[in-house]
Amino acid sequence: MSKANDWMSVYRYWLNEERKANTEQAKLLAQETFEEDIKNSPSYQEDALRNGESQPMSVTRENTRKARFTVAPGDDMHIGDLITVFGENWLCIELYIDEYGMKYGELWMCNHVFHYQDHDKNIIHKDAIIDDGSYTKGTDKALPITDNYYRCYISLDDESRALFVDKRLAIDEIVDGRGRDILEVGKISWIDTRSHNYGEGSHLMVFGLIDDPYNEEHDNIAEMICDYVEPQSDTPDIGGDSDEPVAGHFEISGRDEMRLGTERTYTVSAFGDSETDVELPEEISWTLDTTVDGVTITPQGASCLLGVSNNEVLVGEVIRLKAEDASGKIASATKEVVIIYG
């Protein structure tokens, strides 16, 4: 290598290092300026929360539904985070980082709380956005709903993973043509956990809701929960007259899951207070607490045969199988069975 080429290489190296140093100095200056100015800004929200934890930030409302934010240098923010500010809950929908390492983004105000049960029948309350077109079109005036369709946004976490296609959710309490209180119900038609998430840590779930009829038998207006199942008590159900002594309690054995298009046998046993076997009564009643189309039950004395048709709409349904002593001397038992893909 000639001396000229060697000198040019050294020159380019130091020029590049100088540019890096200037860039870092500019970033530090921008961040320091922001930290100095933000606390004196009218947009500074000292009591803001991110996912329930204190994190002050600069927030400016754009309109009724949307706001812009800037977080302090070093503070974190992800798409899907739940932000509490201005006395309302908001979801982080957009986020970007500029050349100085500053994080900016857009918040959409939550306008609904979904109430539903997970697979263990725990009740979940989830802040959400129900968009009839007003958010995505960028107007404050609600747009007409077409075909009773909504696009919904919630944080993606363990609670929202309990949602699945065809799960029914309560939207509002309304009155029908006969003046009775009913629920406005939506059924999940699709779920998207990918296309709205950008960058590490993003966790936003988007899904579609289509109109679904209210089910008076299974939907709970007081709880605002569709297909409500009473959480099981830790103690067994007591059958018969409460004044009569109970000889023991039932327990149902069998798998907790059933695949589509299969049959499975479930068997009941009786136990006393000391968990010793108790003689089974002569007459045992097998029933389903929840009636599901495509699920059959065939009593066979101390056992029953449960059958599930090969219909994909049944996936995720929870069957509550119940065994009772007709005489009421043995406490009844229930078992929940979840339908899964074959």
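Since this is a predicted model, take the numbers as computed values, not measurements.

A. Here's a closer look at the packing of aromatic side chains. In this structure the tally under the stated criterion is four aromatic pairs. Ring centres of Phe86 and Trp90 lie 6.3 Å apart, and the angle between their planes is 70 degrees; this geometry places the pair in the edge-to-face category. Residue class for Trp90 comes out buried when judged on its relative accessible area of 0%. Judged by centre distance (5.6 Å) and plane angle (25 degrees), the ring pair of Tyr96 and Tyr104 falls under stacked.

B. Quick peek at unusual backbone geometry. Positive phi outside glycine occurs at Lys121, with the angle close to 70 degrees. One non-glycine residue, Asp227, adopts positive backbone phi at about 50 degrees. Relative to the elements of secondary structure, Asp227 occurs in the loop between β14 (204-212) and β15 (248-253). For Asp227, a relative accessible area of 36% gives the class partly exposed.

C. Quick look at the nonpolar core. With 24 residues, the main nonpolar core has Phe250, Ile252, Tyr266, Trp286, Leu306, Ile319 and Leu321 as its most contacted residues. Of all elements in the fold, only β15, β17 (263-271), β18 (284-288), β20 (303-308), β21 (318-325) and β23 (333-340) reach the threshold of two or more residues within this core. Among the nonpolar cores identified, the runner-up in size contains 17 residues, and Tyr150, Ile154, Ile171 and Phe207 belong to it.

D. Region of interest: the environment of Ile330. For Ile330, the position within the fold is in strand β22 (residues 330-331). Owing to a relative accessible area of 4%, Ile330 belongs among the buried residues under this scheme. When the C-alpha positions of Ile330 and Phe250 are compared, they lie 6.6 Å apart, and in sequence the two are 80 residues distant.

E. Spatial organisation of the pattern of salt bridges. One pass over the full model with this rule turns up 15 salt bridges. Among the salt bridges present, the one from Asp219 reaches Arg168, with a minimum N-O distance of 2.8 Å. In this pair, Asp219 sits in the loop between β14 and β15 while Arg168 sits in strand β12 (residues 168-175), placing the two residues 51 residues apart along the sequence. Of the two residues, Asp219 and Arg168, both sit in the buried class. If you follow the salt bridges from partner to partner, you end up with Arg168, Lys187, Asp212, Asp219 and Asp227 in one network.

F. Representation of the sheet that holds strand β9 (residues 112-117) in the model. The sheet built from six strands is open, its strands ordered β9-β10-β11-β14-β13-β12 with antiparallel pairing. On the outer flanks of this sheet lie β9 and β12, each paired with one strand and no other. Each neighbouring strand pair of the sheet contributes to a mean axis angle of 40 degrees, computed without reference to strand direction. Where β12 meets strand β13 (residues 181-192), seven bridges bridge the pair, whose relative direction is antiparallel.

G. Structural view of the side chain of Arg320. Looking at where Arg320 falls in the secondary structure, it is placed in strand β21. Arg320 sits in the buried class, given a relative accessible area of 10%. A distance of 3.2 Å separates polar atoms of two side chains, one belonging to Arg320 and the other to Glu336.

H. Structural detail: the pairing of strand β4 (residues 57-61). Sheet topology note: the strand β1 (residues 44-45)/β4 ladder contains two bridges and is antiparallel. When the sheet's bridge partners are listed, Gln45 is paired in β4 with Met57. Direction of pairing for β4 relative to strand β5 (residues 66-71): antiparallel, over a ladder of five bridges. Counterpart to Ser58 in the pairing with β5 is Thr70.

About the thresholds
Residues numbered from 1 in each chain as written. Predicted model: local features only at pLDDT ≥ 70, side-chain atom pairs only at ≥ 80, totals over all residues. Heavy atoms only, no water. Phe/Tyr/Trp six-rings, centres within 6.5 Å; stacked < 30°, edge-to-face > 60°. Buried < 20%, exposed > 50% of the residue type's maximum accessible area, 1.4 Å probe, protein only. Helix = DSSP H or I, 4+ residues; strand = E, 2+ residues; numbered from the N terminus. Core = buried A, V, L, I, M, F, W, Y, C linked by side-chain atoms within 4.5 Å. Salt bridge = Lys/Arg side-chain N within 4 Å of Asp/Glu carboxyl O. Pairing = 2+ DSSP bridges. Axes fitted to C-alpha atoms, helices over the stretch in contact; angles between N-to-C directions. Polar contact = N/O pair within 3.5 Å; in protein donor to acceptor, adjacent residues only side chain to side chain.

In short, the description is geometric, and any link to function would need to be established separately.
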